[in-house]
Structure formats: C-alpha cells, structure tokens
Amino acid sequence: MVDDVLGVLEGKEKLAVKLAFDKGLKEFLEAKSSPPKLKNAVRDLQLACDETIKVLFKEKNLGFSHLFKEDRWKKVGLNDYQKQIFWNLNEYADKFAKHKSDSKITFKDTENIIYLTGMFIRLVFTKN
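Residues numbered from 1 in each chain as written. Predicted model: local features only at pLDDT ≥ 70, side-chain atom pairs only at ≥ 80, totals over all residues. Heavy atoms only, no water.

Notes on the pattern of salt bridges
Condition: Salt bridge, as used here: a side-chain nitrogen of Lys or Arg that lies within 4 Å of a carboxyl oxygen of Asp or Glu. Here a helix means four or more residues in a row that DSSP labels H or I, a strand means two or more in a row labelled E, and each is numbered from the N terminus. Working definition: with a 1.4 Å probe on protein chains only, accessible area under 20% of the residue-type maximum means buried, over 50% means exposed, and in between means partly exposed.
Applying the stated criterion across every chain yields a total of eight salt bridges. The closest approach of N and O atoms between lysine 26 and glutamate 30, which form a salt bridge, is 3.6 Å. With lysine 26 and glutamate 30 both in helix 2 (residues 15-30) and four residues apart, the pair spans about one turn of that helix. Judged by relative accessible area, glutamate 30 falls into the partly exposed class, the value being 27%. Residues joined in a network through salt bridges with shared partners are Lys26, Glu30 and Lys37.

The structure is reproduced here in structure tokens:
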C-alpha cells in the first residue's frame, strides 16, 4: 500500500506531498519508542492531504478541508461516497490530533489514518 502511494508521488510538483507523507510514516515508526509521536504522524498525514489539494488545484492557499467546498471533490473525480469517506478522514484527523490535544491516539487509529490518507492520495492522483 505504501509503495503504491509513494509510486504516484514522483515529480517536483508532488515533492511536498511526498515529504509530508514520508514524515508521517517515519513518525509512526518512531512512535513505538515514543508514543507522543503518533499525534505528529497524524498531523503530517493531514498535511500530506493539504499538499495534495494544493497540487491538484495549483493554489497554495487551499487545504484538505477546501476539497469539500464549491464541489471541488467532484472536480477531482470523487463520487458522493468517496467524498463522505474523505470528509470523515479530515474530521477524524482534525478533531483527534489538533483540537483534542489531550486525546490519546492509538497505533491502530494512526495506522487507519495512514491507510485512508494513502488511499486518498493514490485515488486523486491516478484519476487526475
């Protein structure tokens, strides 16, 4: 799964996405000895989604949450169900890692966010 995601992140225009995704994976692996890094991993993965939107729309002021406004999700080829899945991913990461700083993020939660983030990145880049 991870190799499939990294394989679609070739090229200068996608470098910021690749760096954020790589950093999230690294933080996840390092969290085995330092569990607080799980929160950093989730933030990095959400940043990878933000950077994906910037690349797709060639707009530096957009982020992941902007995908769900002005029907941008349709413009990248998502259907209603995919829109809902990825909207929930954004809410999950946003509320869990940013706004609930006292919440405990588990390895399973973070692994789930890794997979969903990877699916999002791969899906929108292969469609576009």
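Topic: the packing of aromatic side chains
The following threshold applies: Aromatic contacts are taken between Phe, Tyr and Trp rings whose centres are within 6.5 Å, Trp giving its six-membered ring; a plane angle under 30 degrees counts as stacked, one over 60 as edge-to-face, and the others as tilted. Criterion for a charge above a ring: Arg CZ or Lys NZ at most 6 Å from the ring centre, at most 35 degrees from the ring normal.
Scanning all chains against the criterion turns up four aromatic pairs. Here phenylalanine 28 and phenylalanine 107 contribute two aromatic rings whose centre-to-centre distance is 6.0 Å and whose plane-to-plane angle is 65°, an arrangement assigned as edge-to-face. On the criterion of sequence distance, the pair formed by phenylalanine 28 in helix 2 and phenylalanine 107 in helix 6 (residues 107-127) is long-range, its members being 79 residues apart. Judged by relative accessible area, which is 30%, phenylalanine 107 ranks as partly exposed. For the ring pair phenylalanine 64 and phenylalanine 68, a centre distance of 5.6 Å and an interplane angle of 65° mean the geometry is edge-to-face. Classification of phenylalanine 64 by relative accessible area gives buried; the value is 1%. For phenylalanine 68, a relative accessible area of 15% puts it in the buried group. Among the aromatic side chains, those forming a connected cluster through ring pairs are Phe64, Phe68, Phe86 and Phe120. We note lysine 14 situated over the ring of phenylalanine 125; from NZ or CZ to the ring centre the distance is 4.6 Å. Stacked on the ring of phenylalanine 57, the Lys or Arg arginine 72 has its end atom at 6.0 Å from the ring centre.

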